[in-house]
Amino acid sequence: MRAGLTLVGLTGGIGTGKSTVARLIAELGVPVLDADQLAREVVEPGQPAHAAIAAAWPEAIGAGGRIDRKRLGAIVFADASARRRLEAITHPAIQALCDRRADELAAAGHRLAFYEASLLVETGRHRDLDGLVVVTASEETQVRRTTARDGLGAAEARARIAAQLPQAEKLRAATYVIDNDGSLDATRAQVVRLVQRLTPRG
């Protein structure tokens, strides 16, 4: 698969600024595959995952045959077995689409790309990649960013952080770390160094 392409994982907890790092990477001309975008694509009408979800939860199908993501979310987040069933449908489809996109990038002559996803360590997917970048920030920074972005209270933000895999666990799996606790310029400098280091020579 993807001969000649180095595909590196990019992850981080809520409020660490993973998406900011992804944007900085893309600004350097390096492709970033976004797991959230791929997840939306695999459940479009006509896709196998859409048919499987429609069969399992017909009440989650909205106008025009599209999946009502809010309704489906309410179902699966209230029922752990339903969530596992949904993941069993969507995760293989997302992985297959990611692999196809990586092949396309390799065929187009790209030699470095990143795969941005929240659950790379939790799912073990990072082991299939050519390295893992973990974006970090202090809990205070995570809380500040999450409350500003999502309109949550501080206690709710801390509860969401606590519900995720601890940052220390992700760091144990990391090949590279971006400290996103400082200024944007400081983060950008780290990203530039990282991309220079990872870009294949010759």
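Residues numbered from 1 in each chain as written. Predicted model: local features only at pLDDT ≥ 70, side-chain atom pairs only at ≥ 80, totals over all residues. Heavy atoms only, no water.

**Thoughts on the pattern of salt bridges**
For side chains of opposite charge, pairing can occur when their charged atoms come near one another.
Turning to step 1, where the next piece is worked out: Tallied over the full model, the rule gives 13 salt bridges.
Turning to step 2, where the next piece is worked out: For the salt bridge of Arg125 with Asp99, the shortest nitrogen-to-oxygen distance reads 3.2 Å. Linking Arg125 in the loop between α6 (120-123) and β4 (132-136) with Asp99 in helix α5 (residues 80-107), this pair joins segments that are 26 residues apart in sequence. Exposure class is identical for Arg125 and Asp99. Each is buried.
Turning to step 3, where the next piece is worked out: A salt bridge links Glu139 to Arg158; the nearest nitrogen and oxygen atoms lie 2.7 Å apart. Highlighted residues: Glu139 in helix α7 (residues 139-150) and Arg158 in helix α8 (residues 154-163), separated in sequence by 19 residues.
Turning to step 4, where the next piece is worked out: With a relative accessible area of 37%, Glu139 lands in the partly exposed category.
Turning to step 5, where the next piece is worked out: Residue Arg158 is classed as partly exposed on the basis of its relative accessible area, which comes to 36%. (Salt bridge = Lys/Arg side-chain N within 4 Å of Asp/Glu carboxyl O. Helix = DSSP H or I, 4+ residues; strand = E, 2+ residues; numbered from the N terminus. Buried < 20%, exposed > 50% of the residue type's maximum accessible area, 1.4 Å probe, protein only.)

**As for the sheet that holds β4**
Turning to step 1, where the next piece is worked out: If you walk across this open sheet you meet the 5 strands as β2-β3-β1-β4-β5, and the pairing is parallel. In this open sheet, the two strands that pair with only one neighbour each are β2 (32-34) and β5 (176-179). Within the sheet, the average angular offset between the axes of one strand and its neighbour, ignoring direction, is 25°.
Turning to step 2, where the next piece is worked out: Pairing analysis gives 4 bridges linking strand β1 (residues 6-12) to β4, with the strands arranged parallel. Counterpart to Leu10 in the pairing with β4 is Val133.
Turning to step 3, where the next piece is worked out: Here helix α2 (residues 35-42) sits on the sheet and contacts β2 and β3 (112-116); the angle it forms with β2, its principal contact strand, is near 50°.
Turning to step 4, where the next piece is worked out: On the sheet, α5 packs against β1, β2 and β3 and is oriented at approximately 160° with respect to β2. (Pairing = 2+ DSSP bridges. Axes fitted to C-alpha atoms, helices over the stretch in contact; angles between N-to-C directions. Contact = heavy atoms within 4.5 Å.)

**Topic: the packing of aromatic side chains**
Turning to step 1, where the next piece is worked out: Summed over the entire model, instances satisfying the criterion amount to 0 aromatic pairs.
Turning to step 2, where the next piece is worked out: Of note, Arg85 hangs over the ring of Trp57, and the distance from its end group to the ring centre comes to 5.5 Å. (Phe/Tyr/Trp six-rings, centres within 6.5 Å; stacked < 30°, edge-to-face > 60°. Lys NZ or Arg CZ within 6 Å of the ring centre and 35° of its normal.)

**What to know about the side chain of His50**
Turning to step 1, where the next piece is worked out: Structurally, His50 is set in helix α3 (residues 48-56).
Turning to step 2, where the next piece is worked out: A residue is classified by how much of its surface remains accessible, and His50, at 11% relative accessible area, is buried.
Turning to step 3, where the next piece is worked out: In this structure, His50 is in contact with Val42, Val43, Glu44, Pro45, Ile61, Gly65, Arg66 and Ile67, ignoring residues within four places of it in sequence.

Geometric descriptors of this kind do not, in isolation, establish any biological role.
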